[in-house]
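Given next are the chains, with one letter for each unit.
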Amino acid sequence: MKITKVDLKYIAVKPEQYPNTFLPEIALAGRSNVGKSSFINKMINRKSLARTSGQPGKTQTLNFYEINEKIHFVDVPGYGFAKVARSVRDQWGKMIEQFFMEREQLKAVLLLVDSRHKPSKEDKLMYDWLFHFDIPVIVVATKGDKIPKSKWQKHLKIISDELEMREEDQLFLFSSETGYGREPVWRAIQKMI
């Protein structure tokens with residue numbers, strides 16, 4: 001996909017702050033250290049529109065990135081490593097759940113998992129939750145450049161088996177370093193919208 005225009009357009013914590021548009025939305029969910037910001041930057045061909053950080057858990061709001069005035073990527077707070085109070089994590093959980101359950105513009109969730117490891121307990125819970133509520137999922141295994149090419153299929157099979165993925169859900173290996181997987185993920189997104 002050719003990216004001509006992209007902006008961080010809206011930052012929200014409650015429904016009245018969501019954009020009042022009919023653009024299709026793709027949410028990005030994953031652990032705090034899975035590389036969501038790097039993924040966004042590579043997908044939109046920008047170096048640092050989505051701020052990356054050595055400190056996991058920087059995203060604390062719903063961040064709406066408008067791409068080509070046609071689609072929103074919605075970055076949601078990561079789960080797992082964030083060094084924040086439990087009460088704050090609970091608030092994030094409620095905010096994300098409300099968005100996922102009530103937002104008509106939401107077409108799919110990109111669930112980012114680390115390709116180097118088995119999916120975490122939180123990854124499984126998120127996948128199962130999305131499955132339960134029949135929210136379309138595209139699983140993206142990040143950091144593909146960190147494992148040898150000869151082991152890619154093995155790692156993808158472990159992820160698929162551990163998540164007990166449905167046949168209709170797609171799984172892609174992705175590298176924010178090399179851009180591997182960018183076009184197939186864009187094609188999958190375009191089918192969803």
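Keep in mind the model is a prediction, meaning the values are calculated, not measured.

### Quick notes on the packing of helix α1 (residues 36-43) against helix α5 (residues 182-192)
Contact geometry of α1 with α5 gives a least axis separation of 10 Å together with a crossing angle of 85°. Relative to α5, the element α1 lies roughly perpendicular. Seen from α1, the contacting residues are F39, K42 and M43; seen from α5, they are R182, V185, W186 and I189.

### Looking at the side chain of Q105
Of note, Q105 is situated in the loop between α2 (86-102) and β5 (106-114). Overall, the relative accessible area of 13% leaves Q105 in the buried class. A distance of 2.7 Å separates a polar atom in the side chain of Q105 from the backbone oxygen of T21.

### What about the sheet that holds strand β1 (residues 6-12)?
Across the sheet, seven strands lie side by side as β1-β3-β4-β2-β5-β6-β7; this open sheet has mixed pairing. On the outer flanks of this sheet lie β1 and β7 (170-173), each paired with one strand and no other. In this sheet, neighbouring strand axes are inclined to one another by 25° on average, regardless of whether the strands run parallel or antiparallel. Direction of pairing for strand β2 (residues 25-30) relative to strand β4 (residues 71-75): parallel, over a ladder of four bridges. Bridging from a neighbouring strand, E25 pairs with H72 of β4. On the sheet, helix α4 (residues 152-163) packs against β5, β6 (137-142) and β7 and is oriented at approximately 145° with respect to β7.

Procedures and definitions
Starting from 1, residues in each chain are numbered consecutively following that chain's sequence as written. Thresholds applied to this predicted model are a pLDDT of at least 70 for local features of residues and 80 or more for the giving and counting of side-chain atom pairs; totals over whole chains, interfaces and linings are not thresholded and use all residues. To obtain the side-chain values, all non-hydrogen atoms of the structure were used and water was disregarded. Here an axis means a line fitted to C-alpha atoms, over the contact stretch when the element is a helix, while the angle between two N-to-C directions is reported on a 0 to 180 degree scale. Numbering of helices and strands runs from the N terminus, with a helix taken as a DSSP run of H or I at least four residues long and a strand as a DSSP run of E at least two residues long. Oblique is the label for any angle not under 35 degrees, not over 145, and not in the 65 to 115 range, which are roughly parallel, roughly antiparallel and roughly perpendicular in turn. Only heavy atoms enter the contact rule, under which two residues are in contact if any of them lie within 4.5 Å. Residue burial is assigned from relative accessible area. The probe radius is 1.4 Å, only protein chains are included, and a residue is buried under 20% of its type maximum, exposed over 50%, and partly exposed in between. Polar contact is the term for a pair of N or O atoms within 3.5 Å; when the atoms are in protein, one must be able to donate a hydrogen and the other to accept it, and sequence-neighboring residues count only if both atoms are side-chain atoms. Should DSSP find at least two bridges between two strands, the strands are regarded as paired.

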